[in-house]
Amino acid sequence: MDLTRFQQQLKGTSSKARPLPPVEKWNPDFCGDINLTIALDGRWFYEGSPIGRASLVQLFASVLKREGDSYFLVTPVEKVGITVEDTPFLVTQWEKKKDEKTGGNVYQFTTQTGDEIRLEAAHQLELRVPPKAIQDPQATPIPYICVRRNLWARLHQNVYYQLLENASEQQNDGLTSFYITSNSQRFVLGEVPK
């Protein structure tokens, strides 16, 4: 599978002005794996070299599909496997906005690929131990945010620390929980023993 040919198949399928392609409806034949890796730090590599064009990364991110623990880039006619070291997305920016309808605060997150996520529902945020730390019994779960479908983003360390600075605290059952409130719902960012 040639990445250039794959890019040509996607021509015209995605832009900021149009919605994302309906990859969940595309079920082409599997064409094998390609040497494309999304690194732990959110950078995309093809055959060991970083993909420098942000527009190309955004295009490929728009046709990313996850099945079980495997990740694929799909077009209507081809499906190729890729390697993802943790999650395909990394939250690199955040802001707290006033919701025009409710007047309450809503947190909005932006990934390294430009995807924007409004934190509005409980299922959108989970605390998980990153894969590289699973063997460490002292590892602390950190927040992951659902970007779309079953694709998740890990918070960049700077974003996580900034959110913790803005978080409220609550004591319960021997733990101190740190949380933010978005769309009138409480989202726990982390917990530590008292």
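Relevant structure appears above.
Bear in mind that the values here come from a model prediction, so they are computed numbers and not experimental data.

Peer 1: Give a detailed account of the side chain of Gln 108, specifying residues and quantitative values.
Peer 2: Positionally, Gln 108 belongs in strand 8 (residues 105–111). Accessibility expressed as a relative area gives 10% for Gln 108, which makes it buried. A polar contact of 3.4 Å, which involves the side chain of Gln 108, links it to the side chain of Glu 116. Excluding residues that lie within four positions of it along the chain, Gln 108 makes contacts with Gln 93, Trp 94, Glu 95, Lys 97, Glu 116, Ile 117 and Arg 118.

Peer 1: Talk me through the sheet that holds strand 12 (residues 151–155); I want residue IDs and the actual numbers.
Peer 2: The strands making up a sheet associate through backbone hydrogen bonding, with each pair oriented either parallel or antiparallel. In space, the six strands of this open sheet follow the order 9-8-7-12-11-10, with mixed pairing throughout. Each having just a single partner strand, strand 9 (116–118) and strand 10 (125–128) make up the two edges of the open sheet. The average undirected angle you get between the axes of adjacent strands in this sheet is 40°. Sheet topology places strand 7 (residues 89–98) next to strand 12; three bridges connect them, and they run parallel. Note that in strand 12 the partner of Phe 89 across the bridge is Ala 153.

Peer 1: Run through the side chain of Thr 87, naming residues and quoting values.
Peer 2: Along the chain, Thr 87 turns up in the loop between strand 6 (79–84) and strand 7. Its relative accessible area of 4% is what places Thr 87 among the buried residues. A distance of 2.8 Å separates the side chain of Thr 87 from the backbone oxygen of Phe 89, its partner in a polar contact. A distance of 3.4 Å separates the side chain of Thr 87 from the backbone nitrogen of Arg 154, its partner in a polar contact. With residues near it in sequence (within four places) discarded, Thr 87 still touches Ile 38, Tyr 144, Trp 152, Ala 153 and Arg 154.

Peer 1: Residue-level account of the pattern of salt bridges, with values.
Peer 2: With the rule as written, the count across this model stands at ten salt bridges. Between Arg 154 and Asp 86 there is a salt bridge; the shortest N-O distance is 2.9 Å. Here Arg 154 is found in strand 12, whereas its partner Asp 86 is found in the loop between strand 6 and strand 7, with 68 residues between them in sequence. Of the residues examined, Arg 154 reaches a relative accessible area of 11% and is grouped as buried. Arg 148 is the salt-bridge partner of Asp 115, the closest N and O atoms lying 2.7 Å from each other. One end of the pair, Asp 115, is in the loop between strand 8 and strand 9; the other, Arg 148, is in strand 11 (residues 142–148), with 33 residues separating them in the sequence. Take Arg 148: its relative accessible area is 10%, and that puts it in the buried class.

Thresholds applied
Residues numbered from 1 in each chain as written. Predicted model: local features only at pLDDT ≥ 70, side-chain atom pairs only at ≥ 80, totals over all residues. Heavy atoms only, no water. Helix = DSSP H or I, 4+ residues; strand = E, 2+ residues; numbered from the N terminus. Buried < 20%, exposed > 50% of the residue type's maximum accessible area, 1.4 Å probe, protein only. Polar contact = N/O pair within 3.5 Å; in protein donor to acceptor, adjacent residues only side chain to side chain. Contact = heavy atoms within 4.5 Å. Pairing = 2+ DSSP bridges. Axes fitted to C-alpha atoms, helices over the stretch in contact; angles between N-to-C directions. Salt bridge = Lys/Arg side-chain N within 4 Å of Asp/Glu carboxyl O.

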